[in-house]
Amino acid sequence: MDPRRHVPRTDAVLADPRLVAAGGRLGRSVVKDAVARAQQRARLGEIGPEQVADAAVAALPSQTASLRAVINATGVLIHTNLGRAPLSPAAVESMAAAAGAADVEFDLQTGARARRGRGALDALTRAVPAAEDVHVVNNNAAALVLAATVLAAGREIVISRGELVEIGDGFRIPDLLVSTGARLREVGTTNRTSYRDYAAAVGPETGCVLKVHPSNFLIEGFTGSAEVSELTALGVPVVADIGSGLLTREPLLPAEPDATTVLEAGADLVTASGDKLLGGPQAGLLLGRRDLVERCRRHPLARALRVDKLTLAALEATLRGPAVPVRQALYADPAALGDRAAALAGALAGAGVDARAVPSEAAVGGGGAPGVRLPSAAVSLPERLAVALRTGEPPVVGRIEGGRLLLDLRTVPGDRDGDVARAILEASG
Ligand SMILES: *Cc1c(COP(=O)(O)O)cnc(C)c1O
């Protein structure tokens, strides 16, 4: 008998109770795709007609969306390709709570409309008392666009040539600024810009002075730049893009600017990212003078750049909640990381895997603190395991160094070592 003639009909396979249940969980089209693939295998004779339902069940994805949770063992704390900052459990819980109908713009007491995202804005104001007012947009690029539009559209932004930064994937801050209709008035040189350079350029056409933290590279040697505290004497609004989103000074990262210090130095407006060192969701923070923040909030563009309720929920939980994963990774004790690497490598070697515990160096990443190396520990494995680990479940992403695959534990949450061990055994098998 030719099995191709007896491929069961789609509706018959879809009636399988396991596939009916999966339809409720994953959606009908995902289940239909799995059935179609199983029918095709039967047509090709790879499986028998009676195996179609089983094959469809086996081929079902575990979730509807294709975006998958991975274990970041790269040692890069804020890995842009892996979604930047991992959210805290408190932030995840808050997002889940906000996912359905939620009081994002509604006062449950009075039954009237309320200020959108007031909880998150209040948390941010409390976290940075030096800011008179705050506003939250889609990301730091959006915060810059809004600030540049409000302060300098049709006018000039005075900016140092040493701060015309490409932030990644071909996106450049100068292009972003010019897209608002502002003109750039470049001052100084790549390595040195002084207060006098700014002072000579400021005039009636000036909309603002912009200081951009060159967060993803270092210029060493004969360098110089003007401080925000000096620039306040220019008599025009001073905007500072600090990048990383540190709200207060971080002793482990002394070269990273923070919002409080920059505002206290006299900046009128500070912009920052939510998903870098702050450790929260993708967001852009605007902090500073009440009148300027209000103008940003009232500008028509603000509506196009506004954040959704999930972001507001996650941001508030990040600001009010327990230490976020980025901070835990930053403060992880190198000796404890070494113990974890030794335990993992020991267990794997016992199972016949070529695994060794080695010292490693982790980095902040996400275009932040480029000169900082964080002592860490890794499990060193044969390089050929890299693909199997990346494509396993859960996917584990490490880095290749000296012909070995290193799984750096500083970026692996402490409770995931068992998952990493299982993934390695599976990949080696
Ligand atoms: C990362 C970064 C940006 C871009 O921030 P997004 O939140 O990704 O839009 C802008 N400026 C600086 C200095 C940065 O470090």
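Residues numbered from 1 in each chain as written. Predicted model: local features only at pLDDT ≥ 70, side-chain atom pairs only at ≥ 80, totals over all residues. Heavy atoms only, no water.

S.K.: Help me understand the sheet that holds strand β13 (residues 373-382), please; the structure alone is not making it clear to me.
M.R.: The strand order β2-β12-β13-β16-β15 describes an open sheet built from 5 strands, whose pairing is mixed. Of all the strands in the sheet, just β2 (76-78) and β15 (399-401) have a single pairing partner and so form its edges. If you compare each strand with its neighbour and ignore which way they point, the axes differ by 45 degrees on average. As judged from the 3 bridges shared by β15 and strand β16 (residues 404-408), these two strands associate in the antiparallel manner. (Pairing = 2+ DSSP bridges. Helix = DSSP H or I, 4+ residues; strand = E, 2+ residues; numbered from the N terminus. Axes fitted to C-alpha atoms, helices over the stretch in contact; angles between N-to-C directions.)

S.K.: What am I meant to see in the UniProt feature "modified residue: N6-(pyridoxal phosphate)lysine" (unreviewed entry) in the protein here?
M.R.: Residues given the UniProt feature "modified residue: N6-(pyridoxal phosphate)lysine" (unreviewed entry) here are Lys276. By the element assignment, Lys276 lies in the loop between β10 (269-273) and β11 (284-288). Lys276 gets classed as buried once you look at its relative accessible area, which sits at 11%. (UniProt positions renumbered as here; feature names shortened; annotations may be inferred. Buried < 20%, exposed > 50% of the residue type's maximum accessible area, 1.4 Å probe, protein only.)

S.K.: Any chance you could explain the sheet that holds strand β4 (residues 156-160) here in plain terms?
M.R.: Pairing between the strands of a sheet is mediated by backbone hydrogen bonds and can be parallel or antiparallel. Sheet architecture is open: 7 strands sit in the order β3-β11-β10-β9-β8-β4-β7, paired in mixed fashion. In the strand order of this sheet, the two ends are held by β3 (133-137) and β7 (183-187), each with one partner. Mean inter-strand twist for the sheet, computed between neighbouring axes without regard to direction, equals 25 degrees. In this sheet, β11 lies alongside β10 in antiparallel orientation, the contact comprising 5 bridges. Among the inter-strand pairings, Val270 is bridged to a residue of β11, identified as Leu287. Across the face of the sheet, helix α7 (residues 140-152) comes into contact with β3, β4, β8 (206-212), β9 (238-243), β10 and β11 while running at roughly 155 degrees to β10. (Contact = heavy atoms within 4.5 Å.)

S.K.: In this structure, what is going on with the pairing of β9? I would like to understand it.
M.R.: The two faces of the sheet receive side chains in turn, since in a regular strand these alternate between them. Most of β9 sits inside the fold, with 6 of its 6 residues counted as buried. Burial along β9 is two-sided: the face carrying Val238, Ala240 and Ile242 and the face carrying Val239, Asp241 and Gly243 are both buried. Bridge count between β8 and β9: 4 bridges; the pairing is parallel. Bridge pairing in β9 places Val209 opposite Val238. Where β9 lies against β10, 4 bridges are found, and the strand directions are parallel. Among the inter-strand pairings, Ala240 is bridged to a residue of β10, identified as Val270. Following the backbone out of β9, through helix α11 (residues 259-264) and into the adjacent parallel β10, one traces a crossover that is right-handed. (Right-handed = clockwise from strand over helix to strand, strands pointing away.)

S.K.: Sorry, what's going on with the state of the cysteines here?
M.R.: Each disulfide is one covalent bond, formed between the sulfur atoms of two cysteines. Across all of its chains, the model carries 0 disulfides by this definition. Unpaired in terms of disulfides, Cys208 finds its nearest cysteine sulfur in Cys296, a separation of 10 Å. You can call Cys208 buried: its relative accessible area is 3%. Take Cys296: its relative accessible area is 1%, and that puts it in the buried class. (Disulfide = S-S within 2.5 Å.)

S.K.: Please clarify how the layout of surface pockets should be interpreted in this entry.
M.R.: Empty space among the atoms becomes visible once a probe the size of a water molecule is rolled across them. Considered as a void within the structure, the largest pocket measures approximately 1100 Å³ in volume. If you trace the largest pocket, you find 38 residues lining it, with Val70, Arg84, Ala85, Pro86 and Leu87 closest to the centre. By residue number, the principal contributor to the lining of the largest pocket is helix α15 (residues 325-330), which donates 4 residues. A breakdown of the residues in the lining of the largest pocket according to their chemical character gives 22 nonpolar, 9 polar and 7 charged. Residue contributions to the lining of the largest pocket reach at least three from each of two domains, namely domain 2 (71-81 + 328-428) and domain 3 (88-322). Lining the second largest pocket we find 40 residues, and of these Lys211, His213, Pro214, Ser225 and Ala255 sit closest to its centre. Secondary-structure elements contributing two or more residues to the lining of the second largest pocket are β8, α10 (228-231), β9 and α11. The dominant element in the lining of the second largest pocket, judged by the number of residues it contributes, is β9, at 3 residues. Mapped onto the domain boundaries, the lining of the second largest pocket takes at least three residues apiece from domain 2 (71-81 + 328-428) and domain 3 (88-322). (1 Å grid on protein atoms, 1.4 Å probe; cavity = no way out; pocket = protein on both sides within 12 Å on 5 of 7 lines; lining within 4 Å. Points joined across faces, edges and corners; volume = space filled by probe spheres on them. Nonpolar A, V, L, I, M, F, W, Y, C, P; charged D, E, K, R; others polar. Domains from an automatic or database assignment.)

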